[in-house]
Amino acid sequence: MRVIASSIRKGNVIEQDGKLYVVVSAENIHPGKGTPVSQIEMRRISDGVKISERYKTTDQVEKATIEERNYTFLYEDGDGYHFMNPETYDQVQVSKDVVGDSAAYLQPDMTVKLSTHDVNVVSLALPQRVTLEVVETEPVTKGQTASSSYKPAVLSNGVRTTVPPHIAVGTRIVVMTEDGSYSERAKD
């Protein structure tokens, strides 16, 4: 299926020169003068090589036919990450290079969206938000609670982020999985 380059997003799979590439990042650049372009970074699925391409925003790109389905995360071992289809109970193993940085946010029984092409898993999409516990941060300073400055914190999955001054160790917070940023205090 051919689509224009400006519509390509992170997680899409592109077919180019007979090989499949998963999009790592896509950015549309509109310079003051000249033609707008789409800067696309992608990883070759067969061997993991990363390449960067620049297309005019109106160029046609071949988007591979991908099947997306929800899976439940089970566990991780030396071979990779294991997921289960909740409808058929079939288990799928996904390699560490496909999961990549998303591994830090995987939690048991979490529902993720796996994209497959000819039975091979090519990418994984996490929920937008996850709830994690703050395990390390600076103590609350009296009188600083109303300020808009954020302080560094370490979460239960090892990811570093910044949190508002009123957040203390042991507090459960909601974090955006795309960039690890603080969203809100957990309501549980």
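Refer to the preceding data block for the structure.
So, here's what we can say about the structure. (Residues numbered from 1 in each chain as written. Predicted model: local features only at pLDDT ≥ 70, side-chain atom pairs only at ≥ 80, totals over all residues. Heavy atoms only, no water.)

**Considering the sheet that holds strand S16 (residues 182-185)**
In space, the five strands of this open sheet follow the order S14-S13-S12-S15-S16, with antiparallel pairing throughout. Strand pairing shows two members of the sheet lacking a second neighbour, strand S14 (160-163) and S16, which therefore form its edges. Strand after strand, the sheet turns through a mean of 50 degrees between neighbouring axes, direction not considered. When strand S12 (residues 129-137) meets strand S15 (residues 172-176), the two strands line up antiparallel, connected through five bridges. Across the sheet, the residue bridging to Glu133 is Arg172, located in S15. (Pairing = 2+ DSSP bridges. Helix = DSSP H or I, 4+ residues; strand = E, 2+ residues; numbered from the N terminus. Axes fitted to C-alpha atoms, helices over the stretch in contact; angles between N-to-C directions.)

**Here's the deal with the sheet that holds strand S2 (residues 13-16)**
Reading across from one edge, S2-S3-S4-S5 is the order of the four strands in this open sheet, with antiparallel pairing throughout. Each having just a single partner strand, S2 and strand S5 (50-56) make up the two edges of the open sheet. The sheet shows a mean angle of 40 degrees between the axes of neighbouring strands, taken without regard to direction. Bridge count between S2 and strand S3 (residues 19-29): four bridges; the pairing is antiparallel. Along S3, the bridge assignment pairs Glu15 with Leu20.

**Here we look at the environment of Thr111**
By the secondary structure assignment, Thr111 is in strand S10 (residues 111-117). Overall, the relative accessible area of 43% leaves Thr111 in the partly exposed class. On a C-alpha basis, the gap between Thr111 and Thr177 in space is 13 Å, while along the polypeptide they are 66 residues apart. Those residues in contact with Thr111, other than ones at most four positions away along the chain, are Asn70, Tyr71, Thr72 and Pro127. (Buried < 20%, exposed > 50% of the residue type's maximum accessible area, 1.4 Å probe, protein only. Contact = heavy atoms within 4.5 Å.)

**Looking at the nonpolar core**
By size, the foremost hydrophobic cluster in this structure holds 27 residues, and its most contacted members are Phe83, Val94, Tyr105, Leu106, Val112, Leu114 and Ile173. Once you skip the residues sitting within four places of it in the chain, Tyr105 turns out to touch Met110, Leu126, Val130, Leu132, Asn157, Val159, Val175, Met176, Thr177, Asp179 and Gly180. (Core = buried A, V, L, I, M, F, W, Y, C linked by side-chain atoms within 4.5 Å.)

**Quick word on the packing of aromatic side chains**
According to the stated counting rule, one finds three aromatic pairs in the structure shown. On the numbers, 5.4 Å between centres and 55 degrees between planes, the contact of Phe73 with Phe83 is tilted. In this pair, Phe73 is assigned in strand S7 (residues 67-77) and Phe83 in strand S8 (residues 80-84), connecting sequence segments 10 residues apart. Judged by relative accessible area, Phe83 falls into the buried class, the value being 0%. Measuring from centroid to centroid gives 6.3 Å for Tyr150 and Tyr182, while their planes differ by 75 degrees, and the two rings are edge-to-face. Here Tyr182 lies in strand S16 and Tyr150 lies in the loop between S12 and strand S13 (151-155), a separation of 32 residues in the sequence. The exposure class assigned to Tyr150 is partly exposed, which follows from its relative accessible area of 47%. By relative accessible area, Tyr182 is classed as buried at 16%. Through a chain of ring-to-ring contacts, the aromatic side chains of Phe73, Tyr81 and Phe83 assemble into a single cluster. The lysine or arginine in question, Lys96, covers the ring of Tyr81, its NZ or CZ lying 5.9 Å from the ring centre. (Phe/Tyr/Trp six-rings, centres within 6.5 Å; stacked < 30°, edge-to-face > 60°. Lys NZ or Arg CZ within 6 Å of the ring centre and 35° of its normal.)

**Some remarks on unusual backbone geometry**
Excluding glycine, residues mostly have negative phi values, and the peptide bonds linking residues are mostly trans. Phi is positive for Tyr89, which is not a glycine, with a value near 65 degrees. Its place among the elements puts Tyr89 in the loop between S8 and strand S9 (91-94). We note that Asp109 has phi near 65 degrees; this positive angle belongs to a residue other than glycine. With respect to the element layout, Asp109 can be found in the loop between helix H1 (96-99) and S10. For Asp109, a relative accessible area of 61% puts it in the exposed group.

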